[in-house]
Amino acid sequence: MEISRVIENGITILSMSGNLLGEKDAKPILESVELSIENESNKFVIDLGDMKFINSTGLSVLLTVLTKSRNAGGDMVIINIPEQLANLLKITKLSDVFPQAASKEEAIASL
């Protein structure tokens with residue numbers, strides 16, 4: 001699991017690649033979110049375009065990011081959702097919970 005963090009106009013863009021399967025994978029994501037919130041960036045775009053696989057732990061991480069951002073007065077939008085995750089979101093009925101956008105520009109505009 002690899003993660004990159006870029007801040008554009010006060011919005012944190014987290015790009016992830018690899019697999020999001022457990023605590024070890026979750027820790028750097030949650031640390032990046034905490035760091036952004038501490039630096040007054042409470043809006044997040046989560047780019048999942050290079051993700052290979054996400055399980056229930058990965059969904060929990062995304063829910064945690066959404067909750068932390070909203071508790072800090074911000075929000076989160078996910079983009080480039082792989083087919084496996086799109087199916088998982090439908091099965092778990094979470095597709096309505098996570099704000100989604102077709103592109104980074106659309107996600108930024110919605111925040």
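Everything quoted here is computed from the prediction, not taken from an experiment.

Engineer: Honestly, helix α2 (residues 56-71) in this entry has me stumped. Any pointers?
Structural biologist: Because an α-helix packs 3.6 residues into every turn, residues spaced three or four apart end up facing the same way. For α2, with 16 residues, the first-to-last C-alpha span of 22 Å sits near the 22 Å given by 1.5 Å per residue. For α2, the elements touching its buried residues are β2 (11-20), α1 (23-38), β3 (43-54), β4 (75-79) and α3 (83-91). Capping the start of α2 is the job of one residue whose side-chain oxygen sits 3.0 Å from the backbone nitrogen of threonine 57: asparagine 55. Note on α2: the residue one or two positions beyond its end, glycine 73, has a positive phi of about 90°.

Engineer: Honestly, the pairing of β4 in this entry has me stumped. Any pointers?
Structural biologist: If a strand is regular, its side chains alternate between the two faces of the sheet. β4 sits mainly inside the fold: 4 of its 5 residues count as buried. Two elements, β3 and β4, share 5 bridges in a ladder whose sense is parallel. Opposite valine 45, over in β4, you have valine 77 as the bridge partner. Read as a crossover between parallel neighbours, the route from β3 over α2 to β4 is right-handed.

Engineer: Whenever I open this one, the confidence of the model for the chain confuses me. Can you help?
Structural biologist: Should pLDDT be low for a region, the predicted coordinates there are not to be read in detail. Mean pLDDT for the chain: 94, with 100% of residues reaching 70 or above. α3 is the least confidently modelled element of the chain, averaging 91 in pLDDT, while β4 averages 98, the highest of any element.

Engineer: Is there a simple way to think about the sheet that holds β2 in this case?
Structural biologist: The pairing of strands in a sheet happens through backbone hydrogen bonds and is either parallel or antiparallel. Reading across the sheet, the 4 strands line up as β1-β2-β3-β4 and stay open at both edges, with mixed pairing between neighbours. Looking at strand neighbours, the two that pair on one side only are β1 (2-8) and β4, the edges of this open sheet. Strand-to-strand twist of the sheet, defined as the mean angle between neighbouring strand axes without regard to direction, takes the value 20°. Sheet topology places β1 next to β2; 7 bridges connect them, and they run antiparallel. From the neighbouring strand, glutamate 2 faces β2, where its bridge partner is serine 17. Its contacts with the sheet place α2 against β2, β3 and β4, and it is angled at close to 140° to β4. With respect to the sheet, α3 is in contact with β3 and β4, its orientation differing from that of β3 by roughly 105°.

Engineer: For this particular structure, what's the right way to read the side chain of aspartate 47?
Structural biologist: Tracing the backbone shows aspartate 47 in strand β3. Among the polar contacts listed, one links the side chain of aspartate 47 to the side chain of asparagine 80, at a separation of 2.9 Å.

Engineer: I tried to follow the pattern of salt bridges on my own but got confused; where do I start?
Structural biologist: Two side chains with opposite charge may pair up if their charged atoms get near one another. Counting across every chain of the model gives 4 salt bridges. Across the pair lysine 104 and glutamate 8 runs a salt bridge, and its minimum N-O distance is 3.1 Å. Of the two residues, lysine 104 sits in helix α4 (residues 104-110) while glutamate 8 sits in strand β1, which places them 96 residues apart along the sequence. Note that lysine 27 is salt-bridged to glutamate 31, the shortest N-O span being 4.0 Å. With lysine 27 and glutamate 31 both in helix α1 and 4 residues apart, this pair spans about one turn of that helix. Relative accessible area serves as the criterion here: at 52%, lysine 27 is assigned to the exposed category. Its relative accessible area of 45% is what places glutamate 31 among the partly exposed residues.

Reading guide: rules and limits
- Residues numbered from 1 in each chain as written.
- Predicted model: local features only at pLDDT ≥ 70, side-chain atom pairs only at ≥ 80, totals over all residues.
- Heavy atoms only, no water.
- Helix = DSSP H or I, 4+ residues; strand = E, 2+ residues; numbered from the N terminus.
- Expected span 1.5 Å × (residues − 1).
- Contact = heavy atoms within 4.5 Å.
- Polar contact = N/O pair within 3.5 Å; in protein donor to acceptor, adjacent residues only side chain to side chain.
- Buried < 20%, exposed > 50% of the residue type's maximum accessible area, 1.4 Å probe, protein only.
- Pairing = 2+ DSSP bridges.
- Right-handed = clockwise from strand over helix to strand, strands pointing away.
- pLDDT = per-residue confidence, 0-100.
- Axes fitted to C-alpha atoms, helices over the stretch in contact; angles between N-to-C directions.
- Salt bridge = Lys/Arg side-chain N within 4 Å of Asp/Glu carboxyl O.

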